[in-house]
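Chains, contacts and geometry: an overview
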Amino acid sequence: MASTDETGQAPRHAPPPGPTPPTGPPADGGAVPRGPGARMPRWLPRAMVLALALIAAFQLGSWAFHQLTGLLINILIAFFLALAIEPAVSWMAGRGMRRGFATFLVFLAVLIATAGFVTLLGSMLAGQIVKMVEDFPDYLDSVISWVNGHFHTDLRRVDIQEGLLRSDWLRNYVQNSATGVLDVSTQVLGGLFQLLTILLFSFYFAADGPRLRRALCSVLPPARQAEVLRAWEIAVDKTGGYLYSRGLMALISGVAHYVLLEILEVPYAPALAVWVGLVSQFIPTIGTYLAGALPMLIAFTVNPWYALWVLVFVVIYQQFENYVLQPKLTSKTVDIHPAVAFGSVVAGTALLGAVGALIAIPAVATLQAFLGAYVKRYDVTDDPRVHGRRNRPSGPGGPTRMRKLWTRRQELGRPGPEGTGSGPPA
């Protein structure tokens, strides 16, 4: 019989000396701890290689995107330009003309108009600069006489000219201008190359529009093809309508400012009118003020009061255009809220600069028209709060209630038939 201790349990025997045999797996199914010499999992090297490959691909894509940003912006401008001339090209192609030749004629007309405008504006600026240089001594003499008369000084034009010629500021300016000629030439050549790139891409987009749409739709199912074609049609309508409405408003603005400049006998009135019409319409938000600065400057050389008349006319015409002319001309082409238009211009300028400011409004109009077909709308209830009016209380107003309360107090305070008051009997 086995001996037991006082608690009634059998004593535990000590394990025999020597290495301890491995125990079985834990009952809860947990992982067996491994020692320092354990091998790493087989999936870990492949995961590390995949992570490094993804990081390298991201860095390479980011570098390529930054290198190609200029080209992508040029392609975006060319695409919107092709959308703008798409209606004219399609109309000419529908009359039996080859699409490539129709695109060439449209581009030729645009280039001729642009070249004529630049030539007129350049000749106007050159002539005006020559006139200002010739009249500069007279302007300087008048300023010196005004300063001497008001401040009791003894200035002379010869002393001022000698001081300017001997100044370090003029010497440094001439040196910097001489060294910056090469930079200016490089920028001009780069601008011409960008213009050529935009024209080539826009020509191909407009001439091969059907082929481009066919190639894009060939990789999509039929349902998606209909959506893409509808979005393309909306983009063409909105972009073309935006540019054509802007062109019409530029024509009206140019004619109105031409009449004013002719009445004031300001030189180069036709070129100035074209400048005001185009710049005020195709540079959003601040285009009107930039366009009005040049006519004001030239009118100031004729008569300072003429510059004030030009400023007043520009401000008045801008209000007439914003509240009367623009809503009627753009209600069917670009029907977006003015606050949305302003916000889109600010956002486009922050993202792409001047290019974003130009294409922001047609892009937002296209997006709004495309989303309008997929957003379900409901009839609005006939509630006064929708129109900005609050519901009036159904009971009597404050003065009426006060009048009734005062009348009741008078009746309660009036004495009764026996002079005991009108209170209730005791």
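One numbering rule holds for all chains: residues counted from 1, following each sequence as written. The model is predicted, so local features are restricted to residues of pLDDT at least 70 and side-chain atom pairs to those at 80 or more, both for listing and for counting; the totals for chains, interfaces and linings are taken over all residues. Side-chain calculation: all heavy atoms of the structure are included, whereas hydrogens and water are not.

1. Let's talk about the overall build of the protein
Looking only at helices and strands, one finds 14 helices and 0 strands in the protein. By the criteria applied, helices consist of DSSP H or I runs no shorter than four residues and strands consist of E runs no shorter than two, each listed in order from the N terminus. Going from the N terminus to the C terminus, the protein shows its helices and strands as α-α-α-α-α-α-α-α-α-α-α-α-α-α. Buried residues are those whose accessible area, probed at 1.4 Å on protein chains only, stays under 20% of the maximum for their type, while exposed residues exceed 50% and partly exposed ones sit between those limits. Classification of the 426 residues of the protein by burial places 23% in the buried group. Put simply, of all contacts in the protein between residues at least 6 apart along the chain, 62% involve residues at least 24 apart. In the form shown here, the protein has an accessible surface area of approximately 31500 Å², with 67% of it arising from carbon and sulfur atoms. Note on contacts: a residue pair is in contact if any heavy atoms of the two residues lie within 4.5 Å. Values of accessible area rely on a 1.4 Å probe in the Shrake-Rupley scheme; residue burial ignores everything except the protein chains shown.

2. Things to note about the pattern of salt bridges
Put simply, a salt bridge is a Lys or Arg side-chain nitrogen that is within 4 Å of an Asp or Glu carboxyl oxygen. Scanning all chains against the criterion turns up 3 salt bridges. One salt bridge in this structure joins Glu86 and Arg99, with 2.6 Å as the shortest N-O distance. Of this pair, Glu86 sits in helix H2 (residues 69-94) while Arg99 sits in helix H3 (residues 99-151), and the two are 13 residues apart along the sequence. In terms of burial, Glu86 and Arg99 fall into one category: buried. One salt bridge connects Arg213 with Glu86, and the closest N-O pair in it is separated by 3.8 Å.

3. As for a nonpolar patch on the surface
Without a salt bridge and with relative accessible area above 30%, a residue can belong to a patch; like charges are then joined within 9 Å and nonpolar side chains (Val, Leu, Ile, Met, Phe, Trp, Tyr) within 5 Å. Among the surface-exposed residues, Leu248, Leu251, Ile252, Val255, Tyr258, Val259 and Ile263 lie close enough to one another that they form a single nonpolar patch of about 610 Å² accessible area. As for its position among the elements, Val259 is in helix H8 (residues 222-263). On the accessibility criterion, Val259 (43% relative accessible area) is partly exposed.

4. Quick look at the packing of aromatic side chains
We call Phe, Tyr and Trp rings a pair once their centres come within 6.5 Å, taking the six-membered ring for Trp, and we label the pair stacked below 30 degrees between planes, edge-to-face above 60, and tilted otherwise. This model, assessed by the stated rule, comprises 9 aromatic pairs. Ring centres of Phe313 and Tyr317 lie 6.3 Å apart, and the angle between their planes is 20 degrees; on these two criteria the pair is classed as stacked. Placement of both Phe313 and Tyr317 in helix H11 (residues 304-330) is noted, with a separation of 4 residues, approximately one turn of the helix. For Phe313, a relative accessible area of 26% corresponds to the partly exposed category. For Tyr317, a relative accessible area of 9% corresponds to the buried category. The structure contains a cluster of three or more aromatic residues connected by ring pairs, namely Phe79, Phe80, Phe201, Phe205 and Trp232.

5. Thoughts on the UniProt feature "transmembrane region" (unreviewed entry) in the protein
UniProt feature "transmembrane region" (unreviewed entry): in the numbering of this structure it lies at residues 43-65, 71-89, 101-126, 188-207, 243-260, 272-290, 297-320 and 340-367. Taken end to end, residues 243-260 has its terminal C-alpha atoms 26 Å apart, with 100% of it in helix and 0% in strand. Secondary structure content for residues 297-320 is 96% helix and 0% strand, and the end C-alpha separation is 23 Å. UniProt positions are given in the numbering used here, feature names are shortened, and annotations may be inferred rather than shown by experiment.

6. Section: the packing of helix H9 (residues 269-282) against helix H10 (residues 287-302)
Note on definitions: angles span 0 to 180 degrees between N-to-C directions of axes, and those axes are lines fitted to C-alpha atoms, for helices only across the stretch in contact. One way to put it is that H9 packs onto H10 with a least axis distance of 7 Å and a crossing angle of 165 degrees. Regarding the angle of H9 to H10, the classification is roughly antiparallel. Every pair of crossing elements has a handedness; the one defined by H9 and H10 is right-handed. Each of Leu272, Trp275, Val276, Val279 and Ser280 in H9 lies in contact with H10, whose residues at this interface are Gly287, Thr288, Leu290, Ala291, Leu294, Pro295 and Ile298. Three categories are distinguished: nonpolar for Ala, Val, Leu, Ile, Met, Phe, Trp, Tyr, Cys and Pro, charged for Asp, Glu, Lys and Arg, and polar for the others, with Gly belonging to the last. For the contact of H9 with H10, the residue count by class is 9 nonpolar, 3 polar and no charged. In what follows, roughly perpendicular refers to angles from 65 to 115 degrees, roughly parallel to angles under 35, roughly antiparallel to angles over 145, and oblique to any angle outside these ranges. Definitions for this section: a left-handed crossing has its near helix turned counterclockwise from the far helix by less than a right angle. A right-handed crossing has that turn clockwise.

7. Some thoughts on the packing of H8 against H9
Their axes nearest at 7 Å, the elements H8 and H9 cross at an angle of 145 degrees. Crossing of H8 against H9: the hand is right-handed. Of the residues in H9, those touching H8 at Leu243, Arg246, Gly247, Met249, Ala250, Ser253, Gly254, His257, Tyr258, Leu261 and Glu262 are Ala269, Pro270, Leu272, Ala273, Val276, Gly277, Leu278, Ser280, Gln281 and Phe282.

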